[in-house]
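# A closer look at the structure
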Amino acid sequence: MSQNFKIIISTLLSLTFTSQIIASPIETLERERANTLSYVLDKNISVSDRKKFLKQSKMRLLDLERMAINNKNISTNPDYNTIKAFENFDLTFLVHSSLEKGKSLSITWLERIGLTTNNLMNTKVIRK
Amino acid sequence: MKNLKLKILLITLSGSFYTASSLANNDLGGWQPQIVEKMYVLPPKHLNKVLNNDFNSSSLALNLQSTDSNVKSKIKKINDLKKMLPGLSSEEKMEINHQIIVNKRDYIKDMNNLLKMKKQKLNTKKIFFKKIETKLKNKKITNKVNSKFFENKKIAMTRSQKIDFKVLEDTSNDFLSKSKYFEQYQINKDAVKKLQLAIEKHPMNKHSILSKNPQNKLEAINNFVHSIDSEIAVLDMKEQMISYMAKIVALDAMSLAESVTQITDNQNQNKIINYNDPINAISFFTE
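This section reports on the structure supplied with the text. (Residues numbered from 1 in each chain as written. Chains lettered and ligands numbered in written order. Predicted model: local features only at pLDDT ≥ 70, side-chain atom pairs only at ≥ 80, totals over all residues. Heavy atoms only, no water.)

### Regarding the interface of chain B and chain A
Selection rule: By the convention used here, residues are in contact when the closest approach between their heavy atoms is within 4.5 Å. The buried area of a pairing is the accessible area, by a 1.4 Å probe, that goes missing from both parts when the two are put together, added over both. Any carboxyl oxygen of Asp or Glu that lies within 4 Å of a side-chain nitrogen of Lys or Arg is treated as forming a salt bridge with it. Whenever two N or O atoms come within 3.5 Å, that pair is a polar contact, provided that in protein one can donate a hydrogen and the other can accept it, and provided that, for residues adjacent in sequence, both atoms are side-chain atoms. A run of DSSP states H or I qualifies as a helix once it reaches four residues; a run of E qualifies as a strand once it reaches two. Both are numbered from the N-terminal end. Put simply, Ala, Val, Leu, Ile, Met, Phe, Trp, Tyr, Cys and Pro go in the nonpolar bin, Asp, Glu, Lys and Arg in the charged bin, and everything else, Gly too, in the polar bin.
Contacts between the two partners involve 27 residues from chain B and, on the opposite side, 24 residues from chain A. For the pair chain B and chain A, the summed buried area comes to about 2,600 Å², and 63% of that belongs to carbon and sulfur atoms. Counting every contact that joins chain B to chain A gives three salt bridges. Two residues, R66 of chain A and D164 of chain B, come together in a salt bridge whose shortest N-O distance is 3.2 Å. Where chain B touches chain A, the interface holds six residue pairs in polar contact (both at pLDDT 80 or more). Elements supplying a minimum of two residues to the side of chain B that touches chain A: α4 (90-162), α5 (164-171) and α6 (180-201) of chain B. Ranked by residues supplied to the side of chain B that touches chain A, first place goes to α4 of chain B with 10 residues. Taken together, the residues that form the side of chain B that touches chain A break down as 11 nonpolar, seven polar and nine charged.

In structure tokens, the structure reads:
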């Protein structure tokens with residue numbers, strides 16, 4: 001009896017928790033962006049494979065970026081992540097940013113986080 | 001026990017207040033604006049029209065109309081009675097005057113109710129507009145808080161629209177295959193642009209731009225509230241007029257009552273002799 005009761009309570013609780021979970025467009029976009037960047041940073045794939053994976057995700061990422069920008073519901077009570085996402089346009093909307101600058105997606109992202117060619121060339125190995 | 005008695009007393013007292021107010025409303029009729037939330041976005045002028053249409057279907061409007069027709073019929077009756085006065089005997093004149101006073105009294109009652117109903121209508125309208133004013137002010141406050149986010153979103157929209165053509169160029173080279181959303185986005189964007197141009201060219205657009213601005217809307221609502229306040233002040237003056245009319249009717253009734261008692265006195269020929277007055281008994285002592 002107690003086991004049945006526990007099962008019922010746990011299913012009810014899981015239903016209440018899952019019913020409230022609605023992913024915002026920014027969360028979906030961030031997930032896809034993370035997926036795309038994982039291909040950029042993956043050392044174990046070849047250059048041609050990386051190019052292929054990036055082409056696939058670029059289309060999806062562009063669609064998600066457009067959906068996020070044109071979403072009207074996002075304006076009503078935006079959460080902290082949404083506010084921050086729109087504050088950092090170049091980091092959040094990578095495809096748009098790369099097309100604006102006329103550079104590839106990976107270079108746009110790397111430059112935005114400070115890994116430019118000049119910075120890398122100026123790095124020195126120092127022994128402490 | 002004492003606390004319980006006090007609680008019961010408080011409950012019954014508060015309940016009696018509510019019932020009293022509801023009874024008062026039922027006498028003159030009620031009006032609760034049945035306006036949907038979406039209509040709040042209408043310009044104040046149109047909102048006023050919607051409000052007036054809503055009022056016309058309420059019980060207060062029906063009572064107002066019936067009271068107004070009663071008042072008109074009383075005025076007609078008083079005028080007809082006044083026309084009958086010349087050429088009548090004193091007794092008949094007295095009867096006609098009595099009828100005039102009764103009709104004047106009824107007129108004052110009906111007119112008082114009419115003014116109360118008009119005031120009720122104006123107060124309800126004022127409360128409605130005040131609610132909209134509060135909502136607009138609250139919206140202004142929340143907009144201030146979210147204004148930076150809205151700015152950033154606007155910038156994002158503009159940047160996205162600027163590179164639409166670049167996206168089209170790149171799809172042939174970089175993108176693997178166009179998605180369904182991508183194709184539909186292009187079609188819908190073109191359609192939206194055409195509609196936006198049509199809205200900009202529309203002759204009513206300039207007029208609505210002025211009313212969409214929250215500051216203009218607040219000003220328009222303040223003007224409406226101010227005009228309602230001035231109408232209420234005029235009604236207050238009219239209520240004062242009614243009170244003076246009531247005094248005059250009371251004085252007319254008093255004079256009519258005096259003339260009636262004078263006539264009955266003359267008819268009975270009652271002379272009151274005060275036997276206890278010494279002047280009347282002087283002859284007993286001087287003769």
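### A short note on the packing of aromatic side chains
In plain terms, the rule: Any pair of Phe, Tyr and Trp rings, taking the six-membered ring for Trp, is counted once the centres come within 6.5 Å. Such a pair is stacked with planes under 30 degrees apart, edge-to-face with planes over 60 apart, and tilted for the rest. Classification of residues uses two cut-offs on accessible area relative to the type maximum, computed with a 1.4 Å probe and protein chains only: under 20% is buried, over 50% is exposed, and between them is partly exposed.
Per the counting criterion, the structure on display carries nine aromatic pairs over all chains. Relative to F53 of chain A, the ring of Y39 of chain A has its centre 4.9 Å away and its plane inclined at 20°; by these criteria the two rings are stacked. Of this pair, Y39 of chain A sits in helix α2 (residues 25-41) while F53 of chain A is found in helix α3 (residues 47-70), placing the two residues 14 residues apart along the sequence. Ring centres of Y181 of chain B and Y185 of chain B lie 5.9 Å apart, and the angle between their planes is 45°; this geometry places the pair in the tilted category. With Y181 of chain B and Y185 of chain B both in helix α6 and four residues apart, this pair spans about one turn of that helix. Using a relative accessible area of 28% as the deciding quantity, one classes Y181 of chain B as partly exposed.

### Brief notes about the packing of α2 of chain A against helix α7 (residues 105-112) of chain A
Geometrically, a packed helix pair is captured by the angle between its two axes and the distance between the axes. Residues and elements named next belong to chain A. Spelled out, the test is: Helix axes use the C-alpha atoms of the stretch in contact, all axes being lines fitted to C-alpha atoms, and the angles between their N-to-C directions lie in the range 0 to 180 degrees. For classification, angles of less than 35 degrees are called roughly parallel, those exceeding 145 degrees roughly antiparallel, those between 65 and 115 degrees roughly perpendicular, and all remaining angles oblique.
Packing of α2 against α7 leaves a shortest axis separation of 11 Å and a crossing angle of 95°. The angle between α2 and α7 falls in the class roughly perpendicular. Of the residues in α7, those touching α2 at R33, T36, L37, V40 and L41 are L105, S106 and W109. Residues of the contact of α2 with α7, tallied by class, amount to five nonpolar, two polar and one charged.

### So, the side chain of K125 of chain B
Residues and elements named next belong to chain B. The following threshold applies: The charged-residue count follows a simple rule in which Lys and Arg add positive charge and Asp and Glu add negative charge, with His and chain termini not counted at all.
Tracing the backbone shows K125 in helix α4. This buried residue, K125, is left without a salt bridge; E231 holds the nearest opposite charge, at 6.2 Å. Separated by 3.0 Å, the side chains of K125 and N52 make a polar contact. Residues within four places of K125 in sequence aside, it is in contact with W31, N48, L51, N52 and I228.

### Focus on the pattern of salt bridges
One pass over the structure, following the stated rule, counts 18 salt bridges over all chains. The partner of D90 of chain A in a salt bridge is R112 of chain A, with the nearest N and O atoms 3.8 Å apart. Remark: R112 of chain A occurs in helix α7 and D90 of chain A occurs in helix α5 (residues 89-92); sequence separation between them is 22 residues. For E239 of chain B, the salt bridge is made with K119 of chain B, and the minimal N-O distance between the two is 3.4 Å. Pair noted here: E239 of chain B is in helix α8 (residues 214-268) and K119 of chain B is in helix α4, with a separation of 120 residues, a long-range link. Since its relative accessible area comes to 22%, E239 of chain B is described here as partly exposed. Here the salt bridges do not stand alone but share partners, grouping D90, E100, K101 and R112 of chain A together with R159 of chain B into one network.

### A word on α2 of chain A
Residue and element names in this part refer to chain A. Formally: For a helix, the expected span equals 1.5 Å multiplied by the number of residues minus one. Along the arc lie the directions from the helix axis toward the C-beta atoms.
Counted at 1.5 Å a residue, the expected span for α2 with its 17 residues is 24 Å, and the 24 Å between its end C-alpha atoms agrees. Buried within α2 we find I26, L29, E32, R33, T36, L37, Y39 and V40. The arc enclosing the buried residues of α2, seen along the axis, measures out at 145°, which places them on a common side. Those residues of α2 that are exposed and aimed more than 90 degrees away from the buried face are R31 and L41.

### Side note on the side chain of D90 of chain A
Residue classification places D90 of chain A among the buried residues on the basis of a relative accessible area of 16%. Reaching out from D90 of chain A, the side chain makes a polar contact with the side chain of S97 of chain A at a distance of 3.3 Å. Ignoring sequence-local partners within four residues, the contact set of D90 of chain A consists of S97, E100, K101 and R112 of chain A together with R159 of chain B.

### Notes on helix α6 (residues 94-101) of chain A
Residue and element names in this part refer to chain A. Across the eight residues of α6, six count as buried, placing the element largely inside the fold. Every buried residue of α6 is accounted for by L94, V95, H96, S97, S98 and L99. Among the residues trailing α6, G102 stands out with phi positive, at a value near 75°.

Nothing here speaks to function; it is geometry throughout.
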